[in-house]
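# Chains, contacts and geometry: an overview
One letter stands for each residue in the lines below.
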Amino acid sequence: MTLHGKSLINGKSVAGTDGETAGVDPTSNETLEPPYTLISSEQLREATTAAADAYPSFSALSPSARAAFLNTIADNIEAIGDELIARAGAETGLPAARLTGERARTCNQLRLFADVVIRGDFYGVRIDPALPDRKPLPRADIRHYQRPLGPVAVFGASNFPLAFSTAGGDTASALAAGSPVVFKAHNAHPGTSELVGHAIASAVAQHNLHPGVFSLVFGRGADIGQALVADPVIKAVGFTGSRSAGIALMRTAAARPVPIPVYAEMSSINPVFVFPGALEGDIDSLAQQYITSVTGSSGQLCTSPGLLFAPTGNAGDRLVAAVADAVQKCTGQTMLTPHIAAAWQRGTNDLESVETVEVVARGEDGPTLNAPAPTIFGAGLTEFVDNAALHAEIFGAASLVIRYDAASDLVTAINALEGQLTATLHLTDDDHVDVAPLLPLLEETVGRIIVNGWPTGVEVGHAVVHGGPFPATSDSRTTSVGSLAIERFLRPVAYQDTPQPLLPPPLQDSNPWGLSRRIDGVVVSAR
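Small disclaimer: the values here were computed from a predicted structure and weren't measured. (Residues numbered from 1 in each chain as written. Predicted model: local features only at pLDDT ≥ 70, side-chain atom pairs only at ≥ 80, totals over all residues. Heavy atoms only, no water.)

### Quick notes on the UniProt feature "domain: Aldehyde dehydrogenase" (unreviewed entry) in the chain
Just so we agree on the cut-off: UniProt positions are given in the numbering used here, feature names are shortened, and annotations may be inferred rather than shown by experiment. Each helix is a run of DSSP H or I of at least 4 residues and each strand a run of E of at least 2, with the numbering of both proceeding from the N terminus.
Residues annotated in UniProt with the feature "domain: Aldehyde dehydrogenase" (unreviewed entry) correspond here to residues 22-459. Annotated as residues 22-459, this span is 43% helix and 18% strand, and its ends, taken at the C-alpha atoms, are 33 Å apart.

### Let's talk about the packing of aromatic side chains
Where we set the bar: For Phe, Tyr and Trp, rings pair up if their centres lie within 6.5 Å, where Trp contributes its six-membered ring, and each pair is then called stacked (planes under 30 degrees apart), edge-to-face (over 60) or tilted (otherwise). Categorising residues by exposure relies on relative accessible area from a 1.4 Å probe, with only protein chains included: less than 20% of the type maximum marks a residue as buried, more than 50% marks it as exposed, and the intermediate range marks it as partly exposed. Counted as over-ring charges are cases with an Arg CZ or a Lys NZ within 6 Å of the ring centre that also lie within 35 degrees of the ring normal.
For the structure shown, the criterion picks out 10 aromatic pairs. Between phenylalanine 160 and phenylalanine 164 the ring centres are 5.3 Å apart and the planes differ by 55°, which places this aromatic pair in the tilted class. Taking the relative accessible area as the measure of exposure, phenylalanine 164 reaches 8% and is therefore buried. Its guanidinium or amino end placed over the ring of phenylalanine 160, arginine 98 lies 4.6 Å from that ring's centre, counting from NZ or CZ.

### A few points about the sheet that holds strand S15 (residues 307-311)
As a reminder of what qualifies: Here, any two strands with at least 2 DSSP bridges between them count as paired. Geometry is summarised by axes, namely lines fitted to C-alpha atoms with helices restricted to the contacting stretch, and by angles between N-to-C directions that run from 0 to 180 degrees.
Taking strand neighbours across the sheet as the criterion, the 7 strands line up as S16-S17-S18-S15-S14-S19-S20 in an open arrangement whose pairing is mixed. The open sheet has two free edges, formed respectively by strand S16 (358-362) and strand S20 (446-451), since each of these has just one partner strand. The sheet shows a mean angle of 20° between the axes of neighbouring strands, direction not considered. As paired elements, strand S19 (residues 420-426) and S20 share 5 bridges and run parallel to each other.

### Overview of the packing of helix H9 (residues 283-295) against helix H10 (residues 314-328)
To be explicit about the condition: Oblique is the label for every angle not falling under 35 degrees (roughly parallel), over 145 degrees (roughly antiparallel), or within 65 to 115 degrees (roughly perpendicular). Definitions for this section: a left-handed crossing has its near helix turned counterclockwise from the far helix by less than a right angle. A right-handed crossing has that turn clockwise. Throughout, a contact is declared for two residues whenever any of their heavy atoms are within 4.5 Å. As a working rule, the residues Ala, Val, Leu, Ile, Met, Phe, Trp, Tyr, Cys and Pro are called nonpolar, Asp, Glu, Lys and Arg charged, and the rest polar, with Gly in that last group.
Their axes nearest at 8 Å, the elements H9 and H10 cross at an angle of 50°. If you check the angle between H9 and H10, you find them oblique. Along this stretch, H9 crosses H10, giving a crossing that reads as right-handed. Taking contact as the criterion, the partners of Ile283, Asp284, Leu286, Ala287, Gln288, Tyr290 and Ile291 in H9 are, on H10, Ala315, Arg318, Leu319, Ala322, Val323, Ala326 and Val327. Grouping the amino acids of the contact of H9 with H10 by side-chain chemistry returns 11 nonpolar, 1 polar and 2 charged.

### A few points about helix H3 (residues 82-92)
For H3, every residue scored as buried is listed here: Leu84, Ile85, Arg87, Ala88, Gly89, Glu91 and Thr92. Buried residues in H3 make contact with strand S4 (24-25), strand S6 (36-37), helix H2 (63-80), helix H4 (96-119) and helix H6 (190-206). Within two residues after H3, glycine 93 carries a phi angle of roughly 75°, on the positive side.

### Some thoughts on the sheet that holds strand S23 (residues 522-524)
Here 5 strands make up an open sheet; going across it, the order is S21-S8-S7-S22-S23 and the pairing mixed. Every other strand in the sheet has two partners, leaving strand S21 (490-496) and S23 as the edge strands with one partner each. Along the sheet, successive strands turn relative to each other by an average axial angle of 25°, direction set aside.

### Regarding the side chain of arginine 256
For clarity, the threshold we go by: Working convention for charge: Lys and Arg count positive, Asp and Glu count negative, and His plus the chain ends are omitted. In the sections that follow, a salt bridge refers to a side-chain nitrogen of Lys or Arg positioned within 4 Å of a carboxyl oxygen of Asp or Glu. Polar contact criterion, stated in full: a pair of N or O atoms within 3.5 Å, where within protein one must be able to donate a hydrogen and the other to accept it, and residues adjacent in sequence count only if both atoms are side-chain atoms.
Following the sequence through the fold, arginine 256 ends up in the loop between helix H8 (243-255) and strand S13 (262-265). Although arginine 256 lies buried, it forms no salt bridge, and the closest oppositely charged side chain, aspartate 231, sits 6.3 Å away as judged by the N-O distance. Reaching out from arginine 256, the side chain makes a polar contact with the backbone oxygen of aspartate 231 at a distance of 2.8 Å. Side-chain polar atoms of arginine 256 contact the backbone oxygen of valine 258, separated by 3.0 Å.

### Concerning helix H1 (residues 41-59)
Note that an α-helix has 3.6 residues per turn; residues three or four places apart therefore point the same way. What counts here: To estimate how far a helix should reach, multiply one less than its number of residues by 1.5 Å. By definition, a residue's bend is the angle between the axes fitted to the seven residues ending there and the seven starting there.
With 19 residues, H1 ought to run about 27 Å at 1.5 Å a step, and its terminal C-alpha atoms sit 26 Å apart, in line with that. Taking the largest bend as the criterion, H1 deviates by roughly 30°, centred on aspartate 53, and proline proline 56 comes between one and four positions later. Those residues of H1 that sit buried are Gln43, Leu44, Ala47, Thr48, Ala50, Ala51, Ala54, Tyr55, Phe58 and Ser59.

### Describing unusual backbone geometry
Cis geometry marks the peptide bond from lysine 135 to proline 136, where omega comes out at 10°. A cis amide bond, omega 10°, links phenylalanine 470 with the succeeding residue proline 471. Along the chain, proline 471 falls in the loop between S20 and S21. The phi dihedral of asparagine 270 is positive, around 45°, even though this residue is not glycine. For asparagine 270, a relative accessible area of 0% puts it in the buried group. Positive phi outside glycine occurs at asparagine 511, with the angle close to 50°.

### Regarding the pairing of S19
In terms of burial, S19 is a largely internal element, 7 of the 7 residues being buried. Inspection of the sheet shows strand S14 (residues 271-274) paired to S19 by 3 bridges, in the parallel sense. Residue pairing across strands places phenylalanine 273 opposite leucine 425, the latter belonging to S19.

### Here's the deal with the nonpolar core
Rule in force here: Joining through side-chain atoms within 4.5 Å is the link that ties buried Ala, Val, Leu, Ile, Met, Phe, Trp, Tyr and Cys residues into a set, and such a set is a nonpolar core.
Counting residues in each nonpolar core, the largest one holds 60 residues, and the members touching the most others are Phe69, Ile73 and Ile77. When near neighbours in sequence (up to four residues on either side) are disregarded, isoleucine 73 contacts Leu110, Ala167, Leu175, Ile200 and Ala203.

### Focus on the domain arrangement of the chain
The test is simple: What marks off one domain from the next here is an automatic or database domain assignment. Summed over both partners, buried area is the accessible surface (1.4 Å probe) that two parts give up on being assembled.
Split into domains, the chain comes out as domain 1 (36-266 + 477-488) and domain 2 (271-451). The distance between the C-alpha centroids of domain 1 and domain 2 comes to 33 Å. The interface is formed by 12 residues belonging to domain 1 together with 13 residues belonging to domain 2. For the pair domain 1 and domain 2, the two sides together bury roughly 890 Å², of which 54% comes from carbon and sulfur. By the criterion of area lost to domain 2, the three top residues of domain 1 are Ser158, Asn159 and Glu265, representing 40% of everything that side buries. Taken together, domain 1 and domain 2 are joined by 1 salt bridge. The salt bridge involving glutamate 418 is made with arginine 243; its shortest N-O contact spans 2.8 Å. There are 3 residue pairs in polar contact (both at pLDDT 80 or more) connecting domain 1 and domain 2. Within the side of domain 1 that touches domain 2, the residues separate by chemical class into 4 nonpolar, 4 polar and 4 charged.

### Some points on the packing of H1 against helix H7 (residues 221-230)
Two numbers describe how H1 lies on H7: the axes approach to 10 Å, and their chain directions differ by 40°. By the angle between their directions, the pair H1 and H7 is classed as oblique. In the crossing of H1 with H7, the sense of the turn from one axis to the other is right-handed. Between H1 and H7, the residues in contact are Ser41, Leu44 and Thr48 and Ile224, Ala227 and Leu228, respectively.

Here it is in structure tokens:
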């Protein structure tokens, strides 16, 4: 399709009145056509007002109608074809194979949430029937279900132009919950956002929904982002990005006359702990797997391992030597934007300037612009615990190897860590005694514990947790990936002694949506 460089507001293409931006090819720093006009705060209010108008009808859709809508979005995205992959590649420097997989993940997420909606577990229906003869007091009829919060603001992520962007997990889960979405596009990949935005808007029209169910806006990041979060129509926020930007949104949301939740995924260095038993196997393979995880997508993944704890001694020395050999064979990959590449360079320069940190090894710069050499650093455990500079996230292909003397020393290291998305343990049966005391500490610190695997690559399913204590996320009770992500955009409401005709469908005795419900504490299946 022809790209227009405009926002999509209430079903219409809208030219912004507050300047322009454009995508940039990070391999060459060349500006891509077309320019994208940026909306004003007044134009933003058109989008939020439309979302408020759409909310009553959209939130009342039956599960089958909402699921069909989500499936149509997935179909429409796939129908864009190679044009979507080509544009996303031009705007991000990511290879076609990675983007093809990301498109599949995006569509699979939408279809997963369609299945979740049909199943209806997320409504959480609980019915305590009246007990008029109960002594000493009768019990009222009380019925509870989860209803959508209202319009949601979603911010696109820089590193996932599809799966964490326009139709990504935040948008999919909010729409599945019954909440209209006002989506703030990431200015690093505007063409990709527009292509997917039209796919969603087309699905809205195909299902005869209110056009305010979805709006896509381009705007100045701080100004429009803050205005969107401050808008009284917005009831929740989904965000993936830097800690500074996430905290700024959190402050705005908390300062509103009516505060709202911000579900922000921000910062994580994802420690990997290697225990002695794991070094009795193929050390070269273990080192290569680590470097592959560090350098995949140029390290621009929120689960990239920024720390590896390795024991001191001969076996640990051989692991570090193998890591050095593996990274020296690596060539830098194009980073997402010149800004991100410059931030990576500042971060690695700062780490290298720390007196107690050494450069273990580095690879070669890539052949394109913004493709710095992957780098592995090294330090001791005491230095890591005592120096906050060694805990800073470097977004890109860099990692720090920490040497420790005994497994018991890792208690201090774990206690020094900020909240993380993941922790990874490489071990054998012989290490169980050392590992067991650490698991309760890791449960306090991370959202996902991985054994003999690697943190990069997040399964989209029902059991996954992609979240963790601050600053990994702003709310450690939630996940931004998987079917449980829908719970972020719901709140409980109870009806007491309400006549059947006035009850919402999930709570009616006739159960017209065919939901499984908990009645008097017992789960009753409708099927």
